[in-house]
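# Report on the structure
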Amino acid sequence: SHKADFIFDSKTCLIKVINEDVIYTTDNKDIILKIFSSSVPKRTFCAKPAYRFAFENGSVLNNIKFDSEIAAYLIDPLSTEYVIERLCSENAIEYNSSDENADITVLPLLCDRMSDKIDSLDMTSLLTDIEQPLTEVLASMEFTGVKTDTDGVKKFGEMLTKDISQCQDEIYKLSGKEFNISSPKQLGDILFNELKLPAKKKTKSGYSTNAEVLEELRPVHPIIDLILKYRQLTKLNSTYVDGLLKTVRDDSRIHTVFKQTETRTGRISSTEPNMQNIPVRTELGREMRKFFTCDEGKVLLDADYSQIELRIMAHICGDKNMQQAFLEDVDIH
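Residues numbered from 1 in each chain as written. Predicted model: local features only at pLDDT ≥ 70, side-chain atom pairs only at ≥ 80, totals over all residues. Heavy atoms only, no water.

### Quick notes on the sheet that holds strand β1 (residues 4–9)
With mixed pairing, the five strands of this open sheet are ordered in space as β3-β2-β1-β4-β5. The open sheet has two edge strands with one neighbour each: β3 (22–26) and β5 (64–67). Neighbour-to-neighbour, the strand axes of the sheet open up by a mean angle of 25 degrees, direction not taken into account. Taken together, the five bridges between β1 and strand β2 (residues 14–19) define a ladder with antiparallel strand orientation. Each bridged residue has a counterpart across the sheet, and for Asp9 the counterpart in β2 is Leu14. (Pairing = 2+ DSSP bridges. Helix = DSSP H or I, 4+ residues; strand = E, 2+ residues; numbered from the N terminus. Axes fitted to C-alpha atoms, helices over the stretch in contact; angles between N-to-C directions.)

Structure, rendered in structure tokens:
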């Protein structure tokens, strides 16, 4: 065919293709890869899983002309969700929710309508030159994954477990009894009823023991520092040791999912697990970063834009003094 509109379900490895109102459905991997690698112009909704499927099978996804999910995000970045049924409602397209082929049936008209909107908003270049190529890049990043030193993470976890146990013993010694340190109710009872520390806030379930309250109580009793340390250690161990180890695959890599349409600001987010949330503010937290490595003969590169928002502001507003400051590498602040 001279064109193809398709929807690919990565969970079932099923593709539905529509051409001139005829729907073709298959879960045959060879046929799917043949469709993906062909030079036929293609439109779809959510291309990233299709790119990743192609990469995982040593193939490519060629000639994506329009991704209606990415277009929807550019048109309305404040939306809470991007699903075909809702987009049809917003674009005055009839959608039969009882039809199992509803999504693929409406896709051609949805792509047409949204393409017109993108053109009218003068965002065609943004879509085709930046956002859609980025989808392929993110898919390749997910497929490649992040090499992880699992032995190092395990040893770090053992060290944390030892420190947690020691910290716990010291807390019990100062409080005069054993209790569940992770229970706000039990902790509140120890701090404010047993040790008679000045209570700051009270909730329906008891005394508040949040970080703000504990920070204010630091000078009052040495147990507070230990409790804050205990929380830090247990958080590191559960979230960033046990949690990350569960996501490491047989290739010793973590394959996170990058979301292109999640944030309102255009930033990329990361889930399953969140690789953009590895601790950095504490010395112990920074230790975690050492366990993300690269293959021999390669390096990890850390790069960041310099004052990018202010540079964009200088460009948009046309302030000559501000522009000159950046051109001369002056400290703008």
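### Structural notes on the pairing of β3
Sheet topology places β2 next to β3; five bridges connect them, and they run antiparallel. Residue Lys16 lies in a different strand from β3, and its bridge partner there is Thr25. A loop of two residues connects β2 with β3, the two strands running antiparallel in sequence, and Glu20 in this loop sits at a positive phi of about 55 degrees.

### Here we look at the packing of aromatic side chains
Applying the stated criterion to the full structure yields 10 aromatic pairs. Seen from their ring centres, Phe6 and Phe36 are 5.5 Å apart, and the 45 degrees between their planes marks the pair as tilted. With Phe6 in strand β1 and Phe36 in helix α1 (residues 29–37), this residue pair connects regions lying 30 residues apart in the sequence. Of the residues examined, Phe36 reaches a relative accessible area of 0% and is grouped as buried. Taken together, a centroid distance of 5.5 Å and an interplanar angle of 80 degrees make the contact between Phe8 and Phe36 edge-to-face. Of this pair, Phe8 sits in strand β1 while Phe36 sits in helix α1, placing them 28 residues apart in sequence. According to the relative accessible area criterion, Phe8 is buried, its value standing at 8%. Cluster of aromatic residues (ring-pair linked, three or more members): Phe6, Phe8, Phe36 and Phe53. (Phe/Tyr/Trp six-rings, centres within 6.5 Å; stacked < 30°, edge-to-face > 60°. Buried < 20%, exposed > 50% of the residue type's maximum accessible area, 1.4 Å probe, protein only.)

### Remarks on the pattern of salt bridges
Two side chains bearing opposite charge may form a pair once their charged atoms approach each other closely. The full count for this structure, using the stated rule, is 12 salt bridges. Of the charged contacts, one joins Asp225 and Arg218 as a salt bridge, the two residues approaching to 2.2 Å between their closest N and O atoms. One connected set of salt bridges, linked through shared partners, spans Lys48, Arg52, Glu56 and Glu142. (Salt bridge = Lys/Arg side-chain N within 4 Å of Asp/Glu carboxyl O.)

### Some words on the sheet that holds strand β12 (residues 292–293)
Ordered in space as β9-β6-β12, the three strands form an open sheet in which the pairing is antiparallel. Each edge of the open sheet is held by one strand with a lone partner, namely β9 (253–254) and β12. With two bridges connecting them, strand β6 (residues 146–148) and β9 associate as antiparallel partners. Across the sheet, residue Lys147 finds its bridge partner in β9, namely Arg253.

### So, the nonpolar core
Counting 35 residues, the largest nonpolar core has Ile171, Phe179, Leu191, Ile224, Ile227, Leu244 and Met288 as the members making the most contacts within it. With 11 residues, the top contributor of residues to this core is helix α10 (residues 223–245). With residues near it in sequence (within four places) discarded, Leu244 still touches Thr239, Ile254, Pro273, Met275, Ile278, Met288 and Phe292. By size, the runner-up hydrophobic cluster in this structure holds 23 residues, among which are Phe45, Ala72, Tyr82 and Ile104. (Core = buried A, V, L, I, M, F, W, Y, C linked by side-chain atoms within 4.5 Å. Contact = heavy atoms within 4.5 Å.)

### Here we look at the packing of helix α3 (residues 68–75) against helix α6 (residues 124–144)
One way to put it is that α3 packs onto α6 with a least axis distance of 10 Å and a crossing angle of 120 degrees. Put simply, α3 runs oblique to α6. For the pair α3 and α6, the crossing hand works out as right-handed. Of the residues in α6, those in contact with Ile70, Ala71 and Leu74 of α3 are Leu126, Leu127, Glu131 and Thr135. Here the residues of the contact of α3 with α6 are counted per class, giving five nonpolar, one polar and one charged. (Parallel < 35°, antiparallel > 145°, perpendicular 65-115°, else oblique. Left-handed = near helix turned anticlockwise from the far one by under 90°. Nonpolar A, V, L, I, M, F, W, Y, C, P; charged D, E, K, R; others polar.)

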